[in-house]
Amino acid sequence: MNGVIGCLIKWTKSKIRNHLMIKNTFKILISGRVQGVGFRPFIYNLAEKYRFKGTVSNNAEGVVIYLNTSLEKTKEFIKSILSDKPEIAVITSTSYLKMNYEHFEVFSIVSSEKEGRINLPLTPDFAICQDCKSEIKEVNNRRLNYAFTTCVHCGPRYSITSDFPFERENTSLRNYTMCSFCLDEYSNPTNKRFHSQTNSCHGCRIQLKLIDKSTQKIEENQSLIISQVAQYIADGKIVAIKNTNGYLLCCSAVLPKAISELRKRKHRPNKPFAVLYPSIEMIEKDFLISSIEKKELNSSSAPIVIVQNKNPSIDVASIAPNLNQTGVMLPSSALLELIVAKLKTPIITTSGNIHGSPIISSAKDAELKLKNVTDYFLHNNLTIEFSQDDSVVRFNNKNRIILRRSSRLAPNYLEVATKSTQPILAMGANLKSTFTFVPNTYTYVSQYFGSLDNFDVLERYQNTIKKYVKLFKSTPKTILIDKHAHYQSSVHGKELSSIWNTNLIEIQHHKAHFCSVLGEHQLFDSNEKILGVIWDGTGLGDDLNIWGGEFFEYENHRITRLNHFEYFNWIANDRMSKDPKLCLLSLVNNENKHLIEAKFSKIEWTIYSKSIKNKSLKTSSVGRLFDAVASALNLVDVNSFEGEAAMLVENCANQYKGKDCINYLDNSSPINISSGLLIQRVLMSFIDGVDRSFIAYNFIYTLANVIVNQAISNEIQLVVCSGGVFQNELLINMLLKLSVEEKLIIKLNRKLSPNDENISFGQLMYHQNIKN
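Not measured: the values here are computed from a predicted model. (Residues numbered from 1 in each chain as written. Predicted model: local features only at pLDDT ≥ 70, side-chain atom pairs only at ≥ 80, totals over all residues. Heavy atoms only, no water.)

Asks: Provide a residue-level description of the overall build of the protein, including the pertinent values.
Replies: Check the secondary structure of the protein and you find 23 helices and 30 strands. In terms of C-alpha radius of gyration, the protein reaches 29 Å, essentially the compact-globule figure of 28 Å for 772 residues. The principal-axis extent of the C-alpha atoms belonging to the protein is close to 115 × 65 × 55 Å. Across the 772 residues in the protein, those meeting the buried criterion constitute 60%. Pairs at least 24 residues apart make up 73% of the contacts formed inside the protein by residues separated by at least 6 positions. (Helix = DSSP H or I, 4+ residues; strand = E, 2+ residues; numbered from the N terminus. Rg over C-alpha atoms; globule rule 2.2 N^0.38 Å. Buried < 20%, exposed > 50% of the residue type's maximum accessible area, 1.4 Å probe, protein only. Contact = heavy atoms within 4.5 Å.)

Put into structure tokens, the structure is as follows:
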């Protein structure tokens, strides 16, 4: 009898406990990159595992979950979310709140909540995943050869976004109704396309269209178009292919004649091309690939990775002239995967544009602007909202250096919380332009645009700002601009400030560079002094000279200019940044000027010699020192693309295999960093017949020593470096090695490029953290 009574008591307690649990409703909010990454399907399946009843949906702040459960189980559920989240998701915060009881019969995914201020990241595009790669090649799979195959883990996101939250109706796919097969996948909790907003197949497909440059249609059969494109490329033709982030100009990487023709038509004589390979195994045969480079190539960002040549099967001499490194990549989309799989050989992929213009995203623009470059067009009818170039990276040992932050890396910067209560727009620089927008608690650093001196680039930049303001329904109250009044970013910033009646604040270029690293590494509250080494090509200084070889001190939210490379004459305005021989002319002393006279015509020599005598504008630019060295070593006298001279100097230095090196400024005072003496010693070494790889190596070694000497002389241990010069892998390697010996700590840009792409973010960081 007692046993029966005991069982009844236990049963009663269980019923009461269950009743109390059911009468609880908890709301969980997950913020971060949680839309467009398969997060709701993940939550659904996790809730099913827990046997919870409730709902999950997107809202203006991320993903919101309602559960009928206990406080204890809610906390346990959140722990499971954090530990098991989708790989491409980024969770920045979680919170929960007990709500008034609401009864749920089942757990379900419900329509998104649209109310409230938008406060979540823009989800970037993701490269095609391995599962989708397999599906498009499986004979019995219904997505065999389907060029726009995606799932919850891969495919376009940012490039097709037109509104929040990330739902099909808020993307370019809103006009494509899913067929019954795709709808079944979309509705099946066990399917990898469960609630995949980009789902489509042959039955409800995005259409391909193949035409020649006279716009005559070539092939109607969708299943044959890919094979035809592959054949054209194999035959040496150039094809403009619309990928999910914009047009690419493609030709065979194994046919030198095709590469030469592409260079001729695109007016791109020497600038390196990127090479798209069918597989990582083929890349490993041609190049020296580290494990971290391999991981990057296979990652969801699928950038172009600059790697060391080994025994290439491709014509690297015509692909990356005079360089020992090549930019390689793997397919980012099903379309590109299918094309190179048919070819079984690598292809050239370069941005579909006219040199200096932005990447093209519409068929109309492509046919108008590329008709004299390409032989054929492969169009598709998926609208691109935000076109982007492919991102470019290189590695210094295990550290990534971003050279171009664009597709699949932009637009978010998740690692820093804004301090602003009002929307801020930072306009960035002029040459490698970006903008940074803070409409809410997230910071959005845009993709790379290019030089704003190009009208089409400026228009793309302006239109993207308009789209962001509309997308976030937020008008800036403060606009930050560079001190250079003639930068188009500054001009447009002033125009917007007038239209919107905002605060307008000028921020010095190199101090913005400095603050970009301080912000990345969250160093503003550091208790120790920080040395800022900011080296680039150009930027207007506080004294109205052209800075670029700067040493700053940061302490207690103030920045002070400590030192700089010795000033030299800035001649011929912007021509100086394009003609390395002008930099050499400016730096060589009068006694030795005759040694370089042959580099100039008689008219040039007369004009430039007079210009030097009458010039009051000065520069400290280390970028121009690289140019001068390139000319002194007869590597290049006139750049055919921005940064060519610096690339050739680094490449030359990498050919030196010895162990000895010379500091050309050894025994010099750290107070006076003589630009003239440095270049004089470089030139005279070359005149004396010293191997130029040794000279180039010594030049870069000298620069690394200059940094270390400045740190030691100022008794500063923590050193921050930024600016375009710090894209140089060899310089960073030398600096890191020397810093170990001297017990210095070096911090560099890691999430952003060290070049002018980081200026807009640096402007924001300066505005929020610097007192002076």
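Asks: Tell me about the sheet that holds strand β1 (residues 25–33), and please be specific about residues and values.
Replies: Spatial strand order, β4-β1-β3-β2-β5: five strands in an open sheet with mixed pairing. Looking at the sheet topology across the chains shown, the edges are occupied by β4 (90–99) and β5 (107–109). Strand after strand, the sheet turns through a mean of 15° between neighbouring axes, direction not considered. The pairing of β1 with strand β3 (residues 62–67) spans five bridges and is classified as antiparallel. Bridging across to β3, F26 finds its partner in L67. Each of β1, β2 (54–59), β3, β4 and β5 is contacted by helix α2 (residues 39–50), which is oriented at about 175° to β5, the strand it contacts most. Along the sheet, helix α3 (residues 71–84) makes contact with β1, β3 and β4, crossing β4 at roughly 170°. (Pairing = 2+ DSSP bridges. Axes fitted to C-alpha atoms, helices over the stretch in contact; angles between N-to-C directions.)

Asks: Quick one: what's the story with the nonpolar core, residue by residue and with numbers?
Replies: Counting 116 residues, the largest nonpolar core has L378, W535, F565 and F699 as the members making the most contacts within it. Looking at this core element by element, the count peaks at 13 residues for helix α21 (residues 692–713). If near-sequence neighbours (up to four positions away) are discounted, F699 is found in contact with L625, F626, V629, V649, Y664, L678 and V682. Counting residues in hydrophobic clusters, the runner-up holds 35 residues, among them I238, C251, V316 and V393. (Core = buried A, V, L, I, M, F, W, Y, C linked by side-chain atoms within 4.5 Å.)

Asks: Break down unusual backbone geometry for me, citing the residues and quoting the values.
Replies: The omega torsion of the bond from F164 to P165 falls at -10°, within 30 degrees of zero and hence cis. Position of P165 among the secondary structure elements: in the loop between α4 (130–135) and α5 (180–187). The residue after A410, namely P411, is reached through a cis peptide bond having omega 15°. Looking at where P411 falls in the secondary structure, it is placed in the loop between β17 (399–404) and β18 (412–413). In this structure, A302 is a non-glycine residue whose phi angle is positive, near 40°. If you trace the backbone, A302 turns up in the loop between α9 (291–297) and β12 (304–309). Its identity as a non-glycine residue notwithstanding, A572 has a phi of 60°, on the positive side. Among the structural elements, A572 can be located in the loop between β27 (568–569) and α16 (580–587).

Asks: Give a detailed account of the packing of aromatic side chains, specifying residues and quantitative values.
Replies: The tally for this structure, following the rule as stated, stands at 30 aromatic pairs. Ring geometry for Y468 versus F472: centroids 6.1 Å apart, planes at 55°, classification tilted. Within this pair, Y468 and its partner F472 are both found in helix α13 (residues 455–472), separated by four residues, close to a single helical turn. For the pair Y468 and F472, one class covers both residues: buried. Taken together through their ring pairs, the aromatic side chains of Y158, F164, F386, F435, F437, Y444, F449, Y461, Y468 and F472 make up a single cluster. (Phe/Tyr/Trp six-rings, centres within 6.5 Å; stacked < 30°, edge-to-face > 60°.)

Asks: Which residues make up the packing of helix α20 (residues 675–687) against α21, and what are the values?
Replies: Where α20 meets α21, the closest approach of the two axes is 10 Å, and the angle between their N-to-C directions is 165°. Judged on the interaxial angle alone, α21 and α20 are roughly antiparallel. The two elements α20 and α21 meet at a crossing, and its hand is right-handed. Across the interface between the two elements, L678, V682, S685 and F686 from α20 touch R692, I695, F699, T702 and L703 from α21. (Parallel < 35°, antiparallel > 145°, perpendicular 65-115°, else oblique. Left-handed = near helix turned anticlockwise from the far one by under 90°.)

Asks: Run through the state of the cysteines, naming residues and quoting values.
Replies: With the rule as written, the count across this model stands at zero disulfides. Left unpaired, C179 is separated from the closest cysteine sulfur, that of C201, by 3.5 Å. Not engaged in a disulfide, the cysteine C251 finds its nearest cysteine sulfur in C250; these two sulfurs lie 7.9 Å apart. (Disulfide = S-S within 2.5 Å.)

Asks: Report on the pattern of salt bridges, specifying residues and quantitative values.
Replies: Tallied over the entire structure, the rule returns 30 salt bridges. For E337, the salt bridge identified is with K137, shortest N-O distance 2.4 Å. Of the two residues, E337 sits in helix α11 (residues 334–343) while K137 sits in the loop between α4 and α5, which places them 200 residues apart along the sequence. When its relative accessible area of 3% is taken as the criterion, E337 is described as buried. (Salt bridge = Lys/Arg side-chain N within 4 Å of Asp/Glu carboxyl O.)

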